[in-house]
Amino acid sequence: GNYNQAGNVTAKLSGEYVEMRDFCNSQNVAEVTQTDGINWGGNAARASSNADCEVPGFGDDSNTHASRTGFYELNKMKEIARSRLPKNNWLKGQLVAKMNRENSCNAYWNGSTVNFYREGSGCGNTGEIAAVFDHEWGHGMDANDVNGGIAFPSGEGIADLYSALRLNDSCIGRGFYNDGRKCATGGECKICTGVRDIDQAEKKNGGPWTHTMSNNKCGSSVHCIGVVYSEAVWDLYKRKLQQGQFNYDENTALEIVTRLTYIAAGNINTWFTGPPTFSGCGSQSGYRAYLEADDDDGDLTNGTPHMSAIFEAFNDHEIACPTYQIPVFDSGCPNNPQTQPEITATPVNMGVQLSWTTVSNSVEYEVLRSEGVMQCSQGKVLLGKTTGNTFEDSGLQNGREYYYIVVPKGVNDACYGPSSDCAAVVPSAQPYFTVDCSDSSVIDFDVNRVPASVSRQCVVTPYDGWTGSISVECNPTSTLMGIQCEGESVFIKAGQSTATCTITISIVSGAEMSEGSVTMVARGRSIERTSSFDVTITKGGGPQQAIFEGGSPICKKHGSSCDSVSLLDGRGLNLGPEPNQPNIRGNDCIDGSSGTYHEDESLDKIFVRSLDDKDMTEGSLIEVTATVWAWNYGDTDSADFYYTSDALN
């Protein structure tokens, strides 16, 4: 978001999703108080060593490099995860991170918080390494997914995968060692200065870390055992999907594996167990969970869209299942999108407008965003899915560069077409406008009253000096069957605060009973804005009985008649009594509570009907019958009938 409040302001590194507590200041939360803007000192360079508790001159002693770094990365990791698992309650809560604990060469998840150590003993400050943040957060995700609890035989592999897929880096915790050491867990590393590398090509043994190798070399080390399956999933991403028959581009392969991992990991109890080559046959194994996440119809016996790639990746590490138990063949994505969309990103004030070309056979498009030096080559936030060709991203920071891709999808979520190229864009303050056609009321049409139309006002508001013509039109892809709308254009002059245009919404022949929304699109130069309103199409017909609403009986739907039934029977509170008395709009014609029930003057019932017994429409002949009581013969009384074009007022 954006914060623009002027004056003396205090801010803390404690938000809805993450709170940083720093041992450099007695576990207090970092706090900064400044005037006219907040500068955390994020660009301050770290001293070469022994700078764990260094602060940039702004804020208190908790405003360390570790607290600032962790607040960004943990928030970003949780944002990515929420976009993949929107119903997970743990992701919606606040995670506490404890920085600069007085030890070195480690970090850990303790069941509720993530904890990071200072620099020392040949290790960097683990609270200043993005991959370590993501890994420890990954333990929390593993413990709070669908199954809950840390996966067996090792929860280290899934934590590594969350980190690696976020940063697109197989070296887990690069910079963990700052004394020249290379990692050796799960195979001796070539160049990785982190705790381990999950890419077999980056290790000196040059082959997959298999179940057999784990049995022979890992002993009880969960960090070593976890490399078996984390390396298998990395191979799926880097090799099996980007080579051979699939030949996906990097971004598409990364999105496929990210989706599979977030879905599958929550359903895994034991990643692999039993003898090698058979250890992925269990009902809650890693191999089976990835197949089920990839499946399109709940039946593994007829294959999945990427089944052969998943099998090869897991089988290379001896944690798949023999093909005679689970036959392997690819199926489930007929007529899949084959071409990439061409994306255009247009900067607006604190936002970005995206548009792209239509891709044949696409059912919908996924829109994803990233930021930082890796541009699109990293884990991304899934912003949304749409069947259209436009998307608007708001709440961004002006002057900061963002990166977007659009991925076409086929007949189900597992069917991917090639991703668009990466689009870079920097939001900036510039003239723009908004449009608002919304209204609290729902437009209600009746299929028996065709044609008919209503008008609605759209308000166009210019900002930052916008001038020029703006057309307001109906988006045809959002229109309900049988509903048409007609817009108009407005012209914004210099200094004008708003402009109003009238749109006409009509029901025509061919309408069917339904409900939904109609979207209006306002276009001016390269900017598009949308606004929607609700429309229902119902079917009246036949006799209708009134209900009490707004002070008196009313028939909500039109038909051939409207009957107040017993809603008017009585005189006030005591005689009858009259339901919902006094049953009037305004303060006229109150029956009162004196006199004798069904002797003195009183209205008991109103019945309105069309003389041809068809649904009442404009021009119909109408009969109004009132059932009244009058004293004696009624020759001294009179009855007055009123009508209005607006029954609600």
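Model, not experiment: these values are computed from the prediction. (Residues numbered from 1 in each chain as written. Predicted model: local features only at pLDDT ≥ 70, side-chain atom pairs only at ≥ 80, totals over all residues. Heavy atoms only, no water.)

**Brief notes about the overall build of the chain**
The condition is simple: Only DSSP runs of H or I reaching four residues or more are called helices, and only runs of E reaching two or more are called strands; each is numbered from the N terminus. Radius of gyration: over C-alpha atoms. The globule rule applied is 2.2 Å multiplied by the number of residues raised to the 0.38 power. Note on classification: 1.4 Å probe, protein chains only; a residue is buried when its accessible area is under 20% of the maximum for its type, exposed when over 50%, partly exposed between these limits. We call two residues contacting when some pair of their heavy atoms lies within 4.5 Å. All accessibility values rest on the Shrake-Rupley procedure with a 1.4 Å probe; residue burial counts only the protein chains present in the view. Charged residues are defined narrowly, with Lys and Arg counted positive, Asp and Glu counted negative, and His plus the chain ends left uncounted. The atoms used to mark charge sites are NZ of Lys, CZ of Arg, CG of Asp and CD of Glu.
If you tally the helices and strands in the chain, you get 9 helices and 31 strands. Taking 2.2 N^0.38 as the reference for a compact globule, 649 residues should give roughly 26 Å; the C-alpha atoms of the chain span a radius of gyration of 34 Å, well beyond that estimate. The principal-axis extent of the C-alpha atoms belonging to the chain is close to 110 × 70 × 55 Å. Expressed as a percentage of the 649 residues in the chain, the buried residues total 47%. Of all intrachain contacts in the chain linking residues separated by at least 6 positions in sequence, the fraction that spans at least 24 positions is 62%. For the chain, the exposed surface amounts to about 29,800 Å²; the carbon and sulfur share of it is 47%. With 46 positive and 81 negative side-chain charges, the chain shows a spacing of 8 Å between the two charge centroids.

**Some words on the packing of aromatic side chains**
The cut-off we apply is this: Pairing of aromatic side chains requires ring centres within 6.5 Å, counting the rings of Phe and Tyr and the six-membered ring of Trp. Pairs whose planes differ by under 30 degrees are stacked, by over 60 edge-to-face, and all others tilted.
Summed over all chains, the structure comprises 17 aromatic pairs. Their ring planes at 90° and their centres at 6.0 Å tell us that Trp90 and Trp109 sit as a pair that is edge-to-face. Of this pair, Trp90 sits in helix α2 (residues 89–92) while Trp109 sits in strand β6 (residues 107–109), placing them 19 residues apart in sequence. Note on accessibility: Trp90 and Trp109 belong to one class, buried. Centroid distance Trp271 to Tyr290: 6.1 Å. Interplanar angle 50°. Geometry classified as tilted.

**Thoughts on the sheet that holds strand β11 (residues 351–356)**
What counts is decided by this rule: In this description, strands pair whenever DSSP reports at least two bridges between them. Here an angle of 0 to 180 degrees is reported between the N-to-C directions of two axes, which are lines fitted to C-alpha atoms, with helices fitted over the stretch in contact.
What the 3 strands build is an open sheet, ordered β10-β11-β14; its pairing is antiparallel. Of all the strands in the sheet, the pair left with one neighbour each is β10 (343–348) and β14 (390–394). Each neighbouring strand pair of the sheet contributes to a mean axis angle of 20°, computed without reference to strand direction. In the sheet, β10 pairs with β11 via 6 bridges, with the strands oriented antiparallel. Along β11, the bridge assignment pairs Thr344 with Ser355.

**Observations concerning helix α3 (residues 130–143)**
The condition that has to hold: Helices are assigned an expected span. That span is 1.5 Å times one less than the residue count.
Between its first and last C-alpha, α3 extends 20 Å over 14 residues, near the 20 Å set by a 1.5 Å rise per residue. Within α3, 12 of the 14 residues are buried, which leaves it mostly tucked inside the rest of the structure. What α3 keeps buried is the set Ala131, Val132, Phe133, Asp134, His135, Glu136, Trp137, Gly138, His139, Gly140, Met141 and Asp142.

**A word on the pattern of salt bridges**
Proximity of charged atoms lets side chains of opposite charge pair with each other. Rules: Only one rule defines a salt bridge in this text: a Lys or Arg side-chain nitrogen within 4 Å of an Asp or Glu carboxyl oxygen.
In total, this model carries 32 salt bridges according to the counting rule given. A salt bridge links Glu156 to Arg196, with the nearest nitrogen and oxygen atoms 3.6 Å apart. In this pair, Glu156 sits in helix α4 (residues 156–167) while Arg196 sits in strand β9 (residues 196–197), placing the two residues 40 residues apart along the sequence. Here Glu156 and Arg196 have matching classes, each one buried. Measuring nitrogen to oxygen at the nearest pair gives 3.0 Å for the salt bridge that ties Glu623 to Arg609. Pair noted here: Glu623 is in strand β31 (residues 622–629) and Arg609 is in strand β30 (residues 602–610), with a separation of 14 residues, a long-range link.

**Quick look at the packing of helix α6 (residues 222–240) against helix α9 (residues 307–316)**
So the rule is basically this: Oblique is the label for any angle not covered by the other classes, which are roughly parallel (under 35 degrees), roughly antiparallel (over 145) and roughly perpendicular (65 to 115). A crossing counts as left-handed when the near helix is turned anticlockwise from the far one by less than a right angle, and as right-handed when that turn is clockwise. All amino acids are sorted into three groups, where Ala, Val, Leu, Ile, Met, Phe, Trp, Tyr, Cys and Pro are nonpolar, Asp, Glu, Lys and Arg are charged, and the leftover types, Gly among them, are polar.
Where α6 contacts α9, the two axes come as close as 8 Å, and the packing angle between them is 130°. Classified by the angle between their axes, α6 and α9 sit oblique to one another. By crossing handedness, the relation of α6 to α9 is classed as right-handed. Contact residues: Ala232, Val233, Leu236 and Lys240 in α6; Ala309, Ile310, Glu312, Ala313, Phe314 and Asp316 in α9. Here the residues of the contact of α6 with α9 sort into 7 nonpolar, no polar and 3 charged.

**A word on the state of the cysteines**
Short version of the rule: Two cysteine sulfurs form a disulfide in these notes if their separation is within 2.5 Å.
Here the structure, examined in full by the defined rule, presents 11 disulfides. Residue Cys376 pairs covalently with Cys422 via a disulfide, S to S 2.0 Å. Between Cys376 and Cys422, the S-S torsion sits near 75°, and that sign places the bridge as right-handed. Linking Cys376 in the loop between β12 (364–370) and β13 (381–386) with Cys422 in the loop between β15 (402–409) and β16 (423–425), this pair joins segments that are 46 residues apart in sequence. Assessed through its relative accessible area of 3%, Cys376 is described here as buried. The thiol sulfur of Cys501 is not disulfide-bonded, and the nearest other cysteine sulfur, from Cys458, lies at 4.7 Å.

**What about the sheet that holds β31?**
With mixed pairing, the 4 strands of this open sheet are ordered in space as β26-β29-β30-β31. With partners counted over all chains shown, the strands left at the sheet margins are β26 (543–545) and β31, one partner each. For this sheet the average axis-to-axis angle between neighbouring strands, irrespective of direction, equals 20°. As paired strands, strand β29 (residues 561–563) and β30 are joined by 3 bridges and run antiparallel to one another.

**Observations regarding the environment of Glu549**
What counts, and what does not: Any pair of N or O atoms that falls within 3.5 Å is considered a polar contact. Within protein, one atom must be able to donate a hydrogen and the other to accept it, and sequence-neighbouring residues count only if both atoms are side-chain atoms.
With respect to the helices, strands and loops of the structure, Glu549 is situated in strand β27 (residues 547–549). The sequence separation of Glu549 and Cys333 amounts to 216 residues, and the corresponding C-alpha distance is 52 Å. At 3.0 Å, the side chain of Glu549 and the side chain of Lys556 are in polar contact.

**A short note on the nonpolar core**
The nonpolar side chains of a soluble globular protein tend to be buried, and buried together. As a reminder, the rule being used: Put simply, a nonpolar core is a bunch of buried Ala, Val, Leu, Ile, Met, Phe, Trp, Tyr and Cys residues held in one set by side-chain atoms that sit within 4.5 Å of each other.
Trp137, Leu236, Leu241, Tyr287, Tyr290 and Phe314 are the most contacted members of the largest nonpolar core, which totals 85 residues. Broken down by element, this core gets its largest block of residues, 10 residues, from α6. Here Phe314 is in contact with Ala232, Val233, Gly286, Tyr287, Tyr290, Ile319 and Ala320, once residues within four sequence places are set aside. Trp466, Ile470, Leu480 and Cys501 belong to the second largest nonpolar core, which has 31 residues in total.

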